[in-house]
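Survey of secondary and tertiary structure
The lines below spell out each chain.
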Amino acid sequence: MKKHEVIKVENLTKYFKIKKGFLSNFSKSKQEYIYAVNNISFSIGEKEILGFIGESGCGKSTMSRSILRLIEPSSGTISFKGKDILALNSKDLRKYRRKMQMIFQDPFGSLNPRRTVADTLRQTVKIHKLAETIDEEDKLIKEAMEEVELIPVEEYWDKYPALLSGGQQQRVSMGRVIILKPEFVIADEPVSMLDVSVRIGVLKLILKMKEKHNISFIYITHDLSTARYVCDRIAIMYLGKIVEIGPTEEILANPVHPYTQALIKAVPDIDPTVKVKEIPIKGYVPVVPGEGVNCSFYPRCPYADEQCNNEMPTMKKVGDDHFVACFKR
Ligand code: ATP
């Protein structure tokens, strides 16, 4: 284990059976699988934010849910501070769940509309038995509300989610996480449903949580601008695989994989000083059954040749802590 490594994921794979139509039950065709997450490895250090970036369907959510064991991975290993998460029984897993939390994309959908801010936080306190008396509960709730800047506290204490803005609702969700004092948090597109004007406040809160409470994060997004604001490193995902990973500024200044170059090119205002050659890729992430025997980006890649069609590229080092899976770059 590397020093201060909080999360280590090795060869994580999660596949789903493709549902067969009624008629195919009579055919001899064999069962096919979608490899939503396909043999990925990475680690996250203490107080580090690793961003996962990719188009819809590339496997970001399946990866997150697998790491938290909200779904069971098909294979691979996941360790939290050296402890094998996949080997934990349900009782031990419950203890670890408290340390590993998730912030969801849709704050309103994740809150009970019939619970006030204080009741929402109180429910978390009660479920996890964090306090013995009502006064202790109130103290924890007040501290969490101050932490996520729902202040003055008395103004928000009895408010229902419908009376809060999107940014304030996301702060309640974050309060519910912070009250548990987690060490690792997965933020799954936490600002994508928020108005642009309130996004920066929520991103600042994530940075504050990281610094003040030594929390390590996975930050999932398809938006490079917000990733640039919060992430120490970024991993670019395509069809269940990491195709490039490295320090955020290094990748933005020197993207190596053609897919990364195309993603950066699609965000013209990310940094006007970054000059990236236009990469003509079209279409969406396809759904391709099976584990794959070649580069999954091959059909959309302007540089692809026979090798890309016949072999699977492995990660190679292209810079300081910067790796890419591509034959042609
Ligand atoms: P989005 O940004 O839209 O949430 P994503 O990058 O998080 O997308 P996933 O939701 O992880 O991607 O999905 C990855 C692939 O796995 C997709 O092709 C999806 O259709 C497939 N998939 C996800 N969950 C299931 C499931 N329960 N059964 C079958 N296929 C699934």
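As shown above, the structure is provided for reference.
The sections below set out a description of the structure shown in this document.

Conventions and cut-offs
- Each chain has its residues counted from 1, running along the sequence as written.
- Local features in this predicted model are restricted to residues of pLDDT 70 or higher, and side-chain atom pairs are both shown and tallied only at a pLDDT of 80 or more, whereas totals for entire chains, interfaces and linings draw on every residue.
- Excluded from the side-chain calculations are hydrogens and water; all other atoms, namely the structure's heavy atoms, are used.
- Think of it this way: one heavy atom of a residue within 4 Å of a molecule or strand is enough to make that residue near it.
- Under this definition, polar contacts are N or O atom pairs within 3.5 Å; protein pairs additionally need one hydrogen-donor-capable and one acceptor-capable atom, and for neighbouring residues in sequence, both atoms have to be side-chain atoms.
- Residue exposure ignores everything except the shown protein chains as possible cover, and the areas themselves are Shrake-Rupley values with a 1.4 Å probe.
- Under the DSSP-based scheme used, a helix requires at least four consecutive residues in state H or I and a strand at least two consecutive residues in state E, with every element numbered from the N terminus.
- If DSSP finds at least two bridges between two strands, the strands pair.
- Only the contacting stretch of a helix is used when fitting its axis, a line to C-alpha atoms as for every element, and angles between N-to-C directions run 0 to 180 degrees.
- Definition used in this section: a nonpolar core is a set of buried Ala, Val, Leu, Ile, Met, Phe, Trp, Tyr and Cys residues joined via side-chain atoms within 4.5 Å.
- Residue burial is assigned from relative accessible area. The probe radius is 1.4 Å, only protein chains are included, and a residue is buried under 20% of its type maximum, exposed over 50%, and partly exposed in between.
- A pair of sulfur atoms, both from cysteines and within 2.5 Å, is called a disulfide here.
- Only Phe, Tyr and Trp rings take part, Trp by its six-membered ring, and two of them pair if their centres are within 6.5 Å. Stacked means planes under 30 degrees apart, edge-to-face means over 60, and tilted covers everything else.
- Only when the NZ atom of a Lys or the CZ atom of an Arg is both within 6 Å of the ring centre and within 35 degrees of the ring normal do we say a charge sits over the ring.

**A few points about the site of the ligand**
Around the ligand, a shell composed of Phe16, Ile34, Ala36, Glu55, Ser56, Gly57, Cys58, Gly59, Lys60, Ser61, Thr62 and Glu189 is seen. Residue Cys58 places a main-chain N or O atom 3.1 Å away from an oxygen atom belonging to the ligand. A distance of 2.5 Å separates an oxygen atom of the ligand from a polar side-chain atom of Thr62. Here the ligand loses 60% of its free accessible area of 630 Å² to cover by the protein chains. Those elements that place two or more of their residues in the shell around the ligand are strand 2 (33–45) and helix 1 (60–67). At 3 residues, the largest contribution of residues to the shell around the ligand is made by helix 1.

**Regarding the sheet that holds strand 11 (residues 316–319)**
Strand order in this open sheet of 8 strands is 6-7-8-3-9-10-12-11, and the pairing throughout is mixed. Of all strands in the sheet, those with a lone pairing partner are strand 6 (100–103) and strand 11, marking the two edges. Averaged over all pairs of adjacent strands, the angle between strand axes in this sheet comes to 20°, irrespective of strand direction. With 4 bridges joining them, strand 3 (residues 49–53) and strand 9 (residues 233–238) adopt parallel strand pairing.

**Describing the nonpolar core**
Among the nonpolar cores identified, the biggest contains 56 residues, and Met145, Met174, Tyr219, Leu224 and Ile234 are the most heavily contacted of them. Tallying contributions element by element places helix 8 (residues 196–213) first for this core, with 5 residues. Formed by 30 residues, the second largest nonpolar core is a distinct cluster that contains Leu50, Phe52, Leu68 and Phe80.

**Focus: the state of the cysteines**
Throughout this description, disulfide means a covalent bond between two cysteine sulfur atoms. Under the defined criterion, the tally for this structure stands at 0 disulfides. The closest cysteine sulfur to the non-disulfide-bonded Cys231 is located on Cys58, 14 Å from its own sulfur. Judged by its relative accessible area of 7%, Cys231 falls in the buried class. Cysteine Cys295 shares no disulfide, and the gap to the nearest cysteine sulfur, in Cys308, comes to 6.0 Å. A relative accessible area of 13% places Cys295 in the buried class.

**Notes on the packing of aromatic side chains**
Scanning the model with the defined rule gives 7 aromatic pairs in all. On the numbers, 5.0 Å between centres and 45° between planes, the contact of Tyr15 with Tyr35 is tilted. Of this pair, Tyr15 sits in strand 1 (residues 5–17) while Tyr35 sits in strand 2, placing them 20 residues apart in sequence. Just above the ring of Tyr96 sits the side chain of Lys99; from NZ or CZ to the centre is 5.9 Å.

Keep in mind these values describe shape, not function.
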